[in-house]
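Residues per chain, in single letters:
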Amino acid sequence: MKRLVVSGAMWVGIGQAVRMLTTFATVFVLARLLTPTEFGVIAIIIAIALAANVLGSFGLGPVAVQKEEINDDELSTIFWFNLVASAALTLFIVVSAEWIAIFLEAPELTFPLQVSAIIFPATTVRVAHRAILERALNFKKIALAEVIGTIAGAAVAVGLAFWGAGIWALVGQQITLAVTASASYFFMSRWLPRWHFSFEKCIEFLVTGWKLTVSEILVLFSTNINRPIISIALGIEALGFYNFAQQLISYPYRNVAAVLQSLLFPVLSRVQNEEEKFTHIHLSFLHILALVMTPIVVVIFAMGEKIVLVFFGAKWLPIVDFLYLIGFAALIGAFRQALKSVLLAKAKANVLMGIETASTILNISALLIGVNYGLKGVALCTLIAASITLTLTIIFFVNYLNYQYQAFFKVLFPVCLSNALTALVLLADPAKYVTDSAFVNIVLSVLLAGVIYVLGELLFDRKRFLFLLNTLQEALLKRPKPTIESAQ
């Protein structure tokens with residue numbers, strides 16, 4: 001199981017690295033060709049698409065993964081339900097797009113939103129196919145499918161942007177990503193749905209899935225309610241700035257957290273009755289998450305202005321004031337996602353729903369206060385709300401799941417020390433004595449930061465760090481033998 005988990009984590013990491021590099025390169029090009037207003041419009045479209053996808057899938061993906069056994073008829077029932085539900089949502093969005101645009105005071109939103117509605121069925125039809133791969137712990141194929149979608153979407157976006165298509169470059173990117181990723185899942189799972197639908201089984205799945213759906217809707221509402229509030233209070237251009245900053249810093253966290261949850265949830269579900277192994281695997285994932293993701297915030301905190309100016313241009317400098325705040329909030333959100341996997345694996349849907357409800361209330365309150373102080377106020381209040389929610393979640397883990405505060409401390413504190421050391425070196429900016437080129441300065445600083453970070457880990461957390469490196473080496477040199485059912 002250890003090799004299987006590490007191999008999965010390795011493929012998740014490789015896939016995410018490719019997606020991040022592709023996305024960063026795409027944003028680099030689009031930032032110079034498109035306006036903040038166009039980024040604001042696509043921010044609204046993506047928020048609506050995410051909500052529609054959750055409603056269309058209705059939590060049936062995790063239900064399919066968690067079941068001890070599932071047959072083709074049950075998977076087919078899930079597929080057809082998702083297809084019909086997402087088609088109904090597509091029709092609703094097409095009809096109501098004009099009223100949504102009026103409400104958000106963004107008339108330019110109407111037609112792009114109507115066209116983008118095709119994203120909903122294109123995304124939800126993959127739920128059963130992805131569940132097959134997750135049940136087999138075949139994260140290599142999952143990562144590959146997501147990478148194919150990301151690269152195809154990026155190619156379309158860049159091509160349309162150079163052609164002068166404006167907002168349609170971003171719309172084309174989202175549609176292409178959804179279609180190609182779903183097609184990849186179809187091909188890699190090697191499964192086709194039957195002409196079968198069981199109302200009895202559908203109701204059984206929905207009874208389990210509705211709580212997960214409510215939790216997901218609360219998460220989406222909590223993390224995306226800032227978009228309409230910013231659009232109405234500060235304007236669609238301000239939303240464009242804020243959304244662009246989130247793309248730069250929140251994108252890697254959100255995607256790593258989402259993919260990590262898809263990796264962690266099925267693994268934990270298989271050992272949910274083996275408490276010692278369950279806790280060890282979960283804390284190991286927390287350590288990997290902290291090790292990989294925290295340096296990004298450190299680099300943005302220390303070098304944000306240089307990075308924005310060199311890579312995206314002066315028109316995006318307003319985001320520097322709040323970019324690092326968004327980064328810290330996104331990092332906290334990633335840790336919450338990892339903790340959420342434990343609640344899902346333990347079938348604590350009621351608890352999860354309660355935590356997400358509290359998070360939603362805190363986030364909305366933070367937004368309503370922060371919007372009065374501009375975008376920096378929004379980012380700061382969001383960070384405070386995220387910190388409170390994470391604290392409440394950890395308290396629950398300690399009091400009801402027999403976790404110890406010391407366990408979290410042992411995992412996270414050495415990584416924090418390594419990052420603090422790295423931040424001090426970056427703020428000193430030793431590269432300025434070597435070169436006057438801003439680009440070369442960034443490259444040298446990041447390389448130096450990487451060296452300092454590794455040395456910090458060897459100094460503060462040598463045993464755990466070397467164990468991780470050795471385990472990864474084992475996974476790379478020796479392919480793990482399949483121990484569970486393979487994807488069809």
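As a reminder, the structure under discussion sits directly above these lines.
A brief structural summary. The model shown is predicted, which means the values in this text are computed figures rather than measured ones.

**Let's talk about the overall build of the protein chain**
The helix and strand tally for the protein chain stands at 19 helices and zero strands. The buried share of the protein chain, reckoned over its 488 residues, is 57%. Considering only intrachain contacts with a sequence separation of at least 6, the fraction spanning at least 24 residues in the protein chain is 83%. In the form shown here, the protein chain has an accessible surface area of approximately 21,700 Å², with 69% of it arising from carbon and sulfur atoms.

**Some points on helix α10 (residues 199-224)**
Maximum bend of α10: about 40 degrees, positioned at G209. Buried within α10 are the following residues: C202, F205, L206, G209, L212, T213, S215, L218, V219, L220, S222 and N224.

**Brief notes about the nonpolar core**
Ranked by size, the top nonpolar core spans 97 residues in total, and within it L109 and F244 carry the most contacts. In this structure L109 touches V41, I44, I45, I100, A101 and L104, once residues within four positions along its chain are discounted. Counting residues in each nonpolar core, the second largest holds 21 residues, with A64, A85, V127 and L206 among its members.

**Section: the packing of helix α17 (residues 405-428) against helix α18 (residues 438-460)**
Orientation of α17 relative to α18, taken along the N-to-C sense of each, is 145 degrees, at an axis distance of 8 Å. Remark: the crossing between α17 and α18 carries right-handed chirality. Residue-level contacts link P414, V415, L417, S418, N419, L421, T422, V425 and L426 of α17 to S445, L448, A449, I452, Y453, G456, E457 and F460 of α18. A breakdown of the residues in the contact of α17 with α18 according to their chemical character gives eleven nonpolar, five polar and one charged.

**A few points about the packing of aromatic side chains**
Two aromatic rings, taken as a pair, are described by how far apart their centres are and by the angle between their planes. Inspection of the entire model under this criterion finds 18 aromatic pairs. For the pair Y242 and F322, a centre-to-centre distance of 5.6 Å together with 20 degrees between the ring planes defines the contact as stacked. Highlighted residues: Y242 in helix α12 (residues 236-270) and F322 in helix α14 (residues 320-345), separated in sequence by 80 residues. A relative accessible area of 2% places Y242 in the buried class. Pairing F301 with Y324 gives two aromatic rings, centres 5.6 Å apart and planes at 70 degrees, and the pair type is edge-to-face. Here F301 is found in helix α13 (residues 275-312), whereas its partner Y324 is found in helix α14, with 23 residues between them in sequence. The class of F301 is partly exposed, set by a relative accessible area of 41%. An aromatic cluster is present here, built from F24, F28, F39, F241, F244, F311, F312, W316 and F439 joined pairwise through their rings. The ring of F187 carries R190 above its face, with NZ or CZ at 5.4 Å from the centroid.

**A short note on the pattern of salt bridges**
Under the definition given, this model contains eight salt bridges. In this structure, R126 engages E146 in a salt bridge whose closest nitrogen and oxygen atoms are separated by 4.0 Å. Taken as a pair, R126 in the loop between α6 (119-124) and α7 (127-135) and E146 in helix α8 (residues 139-162) lie far apart in primary sequence, 20 residues in all. Neither residue differs from the other here; R126 and E146 are each classed as buried. Ionic contacts of the salt-bridge type, sharing partners, join the residues R126, R130, E134 and E146 into one network.

**Topic: the packing of α7 against α8**
Following both chains from N to C, one finds α7 and α8 inclined at 145 degrees, their axes separated by 8 Å at the closest point. Between α7 and α8, the contacting residues are R130, L133 and E134 on the first element and K141, I142 and E146 on the second. Residue composition of the contact of α7 with α8, by class: two nonpolar, no polar and four charged.

**Concerning α8**
Between its first and last C-alpha, α8 extends 35 Å over 24 residues, near the 34 Å set by a 1.5 Å rise per residue. Residues of α8 that are buried include every one of F139, I142, A143, A145, E146, V147, G149, T150, G153, A154, A157 and A161, and no others. Looking one or two places after α8, you find G164, whose phi comes out positive at around 90 degrees.

**With respect to a nonpolar patch on the surface**
On the surface, Y433, V434, F439, V440, V443, L444 and L447 cluster together into a nonpolar patch covering about 690 Å² of accessible area. Residue placement: Y433 occurs in the loop between α17 and α18. A relative accessible area of 67% means that Y433 is categorised as exposed.

**Some details on the environment of M20**
Its place among the elements puts M20 in helix α1 (residues 2-33). Residue classification places M20 among the partly exposed residues on the basis of a relative accessible area of 25%. Residues M20 and L248, 228 residues apart in the sequence, show an inter-C-alpha distance of 9.5 Å.

**A word on unusual backbone geometry**
Notably, E105 is not glycine yet its phi reads approximately 55 degrees, a positive angle. Relative to the helices and strands, E105 resides in the loop between α4 (72-103) and α5 (110-116). Classification of E105 as exposed rests on a relative accessible area of 57%. For R190, which is not glycine, the phi dihedral falls at a positive 55 degrees. With respect to the helices and strands, the residue R190 is situated in the loop between α9 (167-189) and α10. What makes R190 exposed here is its relative accessible area of 57%.

Calculation notes
Residues numbered from 1 in each chain as written. Predicted model: local features only at pLDDT ≥ 70, side-chain atom pairs only at ≥ 80, totals over all residues. Heavy atoms only, no water. Helix = DSSP H or I, 4+ residues; strand = E, 2+ residues; numbered from the N terminus. Buried < 20%, exposed > 50% of the residue type's maximum accessible area, 1.4 Å probe, protein only. Contact = heavy atoms within 4.5 Å. Areas by Shrake-Rupley, 256 points an atom, 1.4 Å probe, with all protein chains shown as cover. Bend = angle between axes of the 7 residues up to and from the residue. Core = buried A, V, L, I, M, F, W, Y, C linked by side-chain atoms within 4.5 Å. Axes fitted to C-alpha atoms, helices over the stretch in contact; angles between N-to-C directions. Left-handed = near helix turned anticlockwise from the far one by under 90°. Nonpolar A, V, L, I, M, F, W, Y, C, P; charged D, E, K, R; others polar. Phe/Tyr/Trp six-rings, centres within 6.5 Å; stacked < 30°, edge-to-face > 60°. Lys NZ or Arg CZ within 6 Å of the ring centre and 35° of its normal. Salt bridge = Lys/Arg side-chain N within 4 Å of Asp/Glu carboxyl O. Expected span 1.5 Å × (residues − 1). Patch = residues over 30% accessible without salt bridge, like charges linked within 9 Å, V, L, I, M, F, W, Y side chains within 5 Å.

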